[in-house]
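Each chain, written out:
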Protein chains: 4
Amino acid sequence: MFLEIEQTSPIAIYTQLTSQIKKAIVKETLVAGDDLPSVRVLASDLGVNMHTVNKAYNILTEEGLLLKSKKGYVVSPKINRQTDEEQEDEMKKRLEDVLVDILVHNHSEKTVQEWLSELTVALRKGDN
Amino acid sequence: MFLEIEQTSPIAIYTQLTSQIKKAIVKETLVAGDDLPSVRVLASDLGVNMHTVNKAYNILTEEGLLLKSKKGYVVSPKINRQTDEEQEDEMKKRLEDVLVDILVHNHSEKTVQEWLSELTVALRKGDN
Amino acid sequence: MFLEIEQTSPIAIYTQLTSQIKKAIVKETLVAGDDLPSVRVLASDLGVNMHTVNKAYNILTEEGLLLKSKKGYVVSPKINRQTDEEQEDEMKKRLEDVLVDILVHNHSEKTVQEWLSELTVALRKGDN
Amino acid sequence: MFLEIEQTSPIAIYTQLTSQIKKAIVKETLVAGDDLPSVRVLASDLGVNMHTVNKAYNILTEEGLLLKSKKGYVVSPKINRQTDEEQEDEMKKRLEDVLVDILVHNHSEKTVQEWLSELTVALRKGDN
DNA sequence: GTGGTCTAGACCACG
DNA sequence: GTGGTCTAGACCACA
């Protein structure tokens, strides 16, 4: 399984799940049409509660990244993953927060660029 | 006062405070040596609890952005704002999360670059 | 065949079936006395389980829209399609729910009227 | 309290809650800025579980009808209650389903109009 | 087998 | 006091 969660992390488990699934989609470890593990199976695999997985899947479905059918959850086609303006503003705000935090700690914009390059490369190849 | 907080926002007030103070430092609205308003004064100005302001100041002090003296809190010199490797990894992780979120919603790396430029420019000039 | 079902939809298949058959009756694609495809045939045509088709036919029969004979199901005469008061209340309740939902999202009663007109026209002409 | 739920109804409790709260907003029993009862208080009042109320509140917040602050949930200003095109299609589809159901049971379009008028009037005056 | 709903009860963060 | 998260376990609808 391509997902791992840290029980001790201060980050909510369902958030860790959504992040990792998004990452898997960006890396194309998961592609449009792929089935996700059933809620109960994934929960038991990870040793977390069913409801926690369910919440993660629901959020991703709301965001248009997953589709819910009667047979379970599936990665949705690219077409469904668009964002509206409000959501873009949200993302920009989050980007700004991170940016400010990096800059305030004496890093230059150049460093940000480098990190972005690193991250982008890492997202292109390799599995999780 | 260069700080505004939204009482109705679901974002924790102390988080709003740390974010805005960091932004003020990046924008050089606040520079090394500047005094911050006393905990009591700021709390009363903003209509929030003293403990809340205190928490924000403490966090910023922990991060090396403020210095606590007998007379109150001041913006610390640049030299104190360095990060260790662990904190850098933290920031990279946060940057990655935002990046993945942007990319997974069909935006290109180019868009990320553009947003970064916009944000950087906005951080250079103007007040909060 | 005038029926199509979406296997991937989260809406129950038997519900999709009843909806579409009702629509066909309103559009007079199906009129009193018409035979419906046999349960087996329809199930195989649509690639769904026999029980599912059966459930749909049963519900429609319960509602007085179909008649079950030894030879199979047929569209029942208009006279059988009446509703009792309880069912009318049910329908009104459902209408109210939709209405409230439309109004609460800032649409006017005029919009509701327009939508109804559109829908009514669409139901008059054309096939499914 | 202006809300009542039927434990025995086949309709999910959280759905009953969202419906009734929407109705209260349309009737202006609840207006922009009003506080909603806290999750736990409402749950105990109604004799249902906290999570059930929470789910209802969350859905309404997603729809833009409520706002979540640190002090609880509040009815949001009209401006936030807009719908996008996709949501409108959804509502039209639901309206169509109800309409078909009414028409297929021998009611005329005129009846639908009458019911709508009744319902609209009822939504204008009086409390729940 | 799949997800959906609900309950009961616990612990945490915030202010 | 507020909501958020998580667990454990139950029952139901659908196919």
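The rules behind these values
- Residues numbered from 1 in each chain as written.
- Chains lettered and ligands numbered in written order.
- Predicted model: local features only at pLDDT ≥ 70, side-chain atom pairs only at ≥ 80, totals over all residues.
- Heavy atoms only, no water.
- Near = heavy atom within 4 Å.
- Polar contact = N/O pair within 3.5 Å; in protein donor to acceptor, adjacent residues only side chain to side chain.
- Helix = DSSP H or I, 4+ residues; strand = E, 2+ residues; numbered from the N terminus.
- Salt bridge = Lys/Arg side-chain N within 4 Å of Asp/Glu carboxyl O.
- Buried < 20%, exposed > 50% of the residue type's maximum accessible area, 1.4 Å probe, protein only.

The name given to chain A in an unreviewed UniProt entry is GntR family transcriptional regulator, and the organism recorded there is Jeotgalibaca arthritidis.

The next thing to look at is the protein's contact with DNA strand F. Around DNA strand F sit 26 residues in total, of which Ile13(A), Tyr14(A), His51(A), Ile13(C) and His51(D) are the nearest. Here DNA strand F approaches the protein such that, of its atoms within 4 Å, sugar and phosphate make up 68%. Asn49(A) is positioned with one of its backbone polar atoms (N or O) 2.7 Å from a phosphate oxygen of DNA strand F. Side-chain polar atom of Ser38(D) to a phosphate oxygen of DNA strand F: 3.2 Å apart, as the coordinates give it. Looking at the surface near DNA strand F, the elements with two or more residues in it are helix H1 (13-26) and helix H3 (50-62) of chain A, helix H1 (13-26) and helix H3 (50-62) of chain C together with helix H2 (39-46), helix H3 (50-62) and strand S2 (72-75) of chain D. No other element matches H3(A), which puts four residues into the surface near DNA strand F.

With that settled, consider the pattern of salt bridges. Under the defined criterion, the tally for this structure stands at 33 salt bridges over all chains. A salt bridge links Lys92(D) to Glu118(C); its shortest N-O distance comes to 3.3 Å. In this pair, Lys92(D) is assigned in helix H4 (residues 85-104) and Glu118(C) in helix H5 (residues 109-124), connecting two distinct chains. For Lys92(D), a relative accessible area of 22% corresponds to the partly exposed category. We note a salt bridge from Glu63(D) to Lys22(D), for which the minimum N-O separation is 3.1 Å. Of this pair, Glu63(D) sits in the loop between H3 and strand S1 (66-69) while Lys22(D) is found in helix H1 (residues 13-26), placing the two residues 41 residues apart along the sequence. When its relative accessible area of 6% is taken as the criterion, Lys22(D) is described as buried.

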